Amino acid sequence: MSTITLTICGRPYEVRCRDGEEESLQKAAALVDEKSREAIAGLGSLSESRQFFYASLLLADQLNEQHDGAPPKAVDETVLSRAEGLATWLESMADSLEAEADNP
């Protein structure tokens with residue numbers, strides 16, 4: 001296992017990943033960063049949990065547009081596994097952010 005630092009909207013997040021997945025996770029974080037910045041630009045100031053929520057919606061919309069709203073014909077198990085890992089990480093991040101907001 002490796003620990004890497006990902007930066008999204010100027011805030012660093014330390015994330016653990018399997019050895020060899022660092023570059024892929026950094027690319028995924030770059031997409032999340034791009035969409036988070038897009039959400040902030042369009043909606044103004046957002047809490048981190050809402051920022052990630054809207055970034056997720058923007059990414060999902062982008063995927064839908066690429067596939068014309070239809071699901072992909074074949075599922076790449078590697079991509080699916082990485083997406084599930086990213087979803088778990090985002091859920092954990094949202095939980096942490098909400099806990100921080102509840103206990104300043």
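Residues numbered from 1 in each chain as written. Predicted model: local features only at pLDDT ≥ 70, side-chain atom pairs only at ≥ 80, totals over all residues. Heavy atoms only, no water.

Undergrad: Please clarify how the nonpolar core should be interpreted in this entry.
TA: Considering soluble globular proteins, one finds that nonpolar side chains tend to be buried as a cluster. Leu6, Tyr13, Phe52 and Trp89 are the most contacted members of the largest nonpolar core, which totals 14 residues. The residues contacting Phe52, other than those within four sequence positions of it, are Ile8, Tyr13, Val32, Ser36, Leu90, Met93 and Leu97. (Core = buried A, V, L, I, M, F, W, Y, C linked by side-chain atoms within 4.5 Å. Buried < 20%, exposed > 50% of the residue type's maximum accessible area, 1.4 Å probe, protein only. Contact = heavy atoms within 4.5 Å.)

Undergrad: Is there a simple way to think about the packing of helix 2 (residues 48–66) against helix 3 (residues 77–102) in this case?
TA: Packed helix pairs are characterised by how far apart their axes lie and by the angle those axes make with each other. Put simply, helix 2 and helix 3 touch, their axes get as near as 8 Å, and they point 155 degrees apart. For the element pair helix 2 / helix 3, the angle class is roughly antiparallel. Both helix 2 and helix 3 take part in a crossing whose hand is left-handed. Contacts between helix 2 and helix 3 involve Glu48, Ser49, Phe52 and Ser56 from the former and Leu90, Met93, Leu97 and Glu98 from the latter. A per-class count over the contact of helix 2 with helix 3 returns four nonpolar, two polar and two charged. (Axes fitted to C-alpha atoms, helices over the stretch in contact; angles between N-to-C directions. Helix = DSSP H or I, 4+ residues; strand = E, 2+ residues; numbered from the N terminus. Parallel < 35°, antiparallel > 145°, perpendicular 65-115°, else oblique. Left-handed = near helix turned anticlockwise from the far one by under 90°. Nonpolar A, V, L, I, M, F, W, Y, C, P; charged D, E, K, R; others polar.)

Undergrad: In this structure, what is going on with unusual backbone geometry? I would like to understand it.
TA: Across residues other than glycine, the phi torsion is negative in most instances, and most of the peptide bonds are trans. The phi dihedral of Cys9 is positive, around 55 degrees, even though this residue is not glycine. Mapped onto the secondary structure, Cys9 falls in the loop between strand 1 (2–8) and strand 2 (11–17). Judged by relative accessible area, Cys9 falls into the partly exposed class, the value being 24%.

Undergrad: Where do I start with the packing of aromatic side chains in this structure?
TA: In this description, a pair of aromatic rings is defined by centroid distance and the angle of the planes. As enumerated under the stated definition, the model contains three aromatic pairs in all. Considering the side-chain rings of Tyr13 and Phe52, the 5.8 Å spacing of their centres and the 70 degrees angle between planes classify their relative orientation as edge-to-face. Of this pair, Tyr13 sits in strand 2 while Phe52 is found in helix 2, placing the two residues 39 residues apart along the sequence. Judged by relative accessible area, Tyr13 falls into the buried class, the value being 4%. Between Phe53 and Tyr54, the aromatic rings sit 5.2 Å apart at their centres with planes inclined by 70 degrees, giving edge-to-face as the arrangement. (Phe/Tyr/Trp six-rings, centres within 6.5 Å; stacked < 30°, edge-to-face > 60°.)

From the geometry alone we can't say anything about function, so treat these as descriptive.
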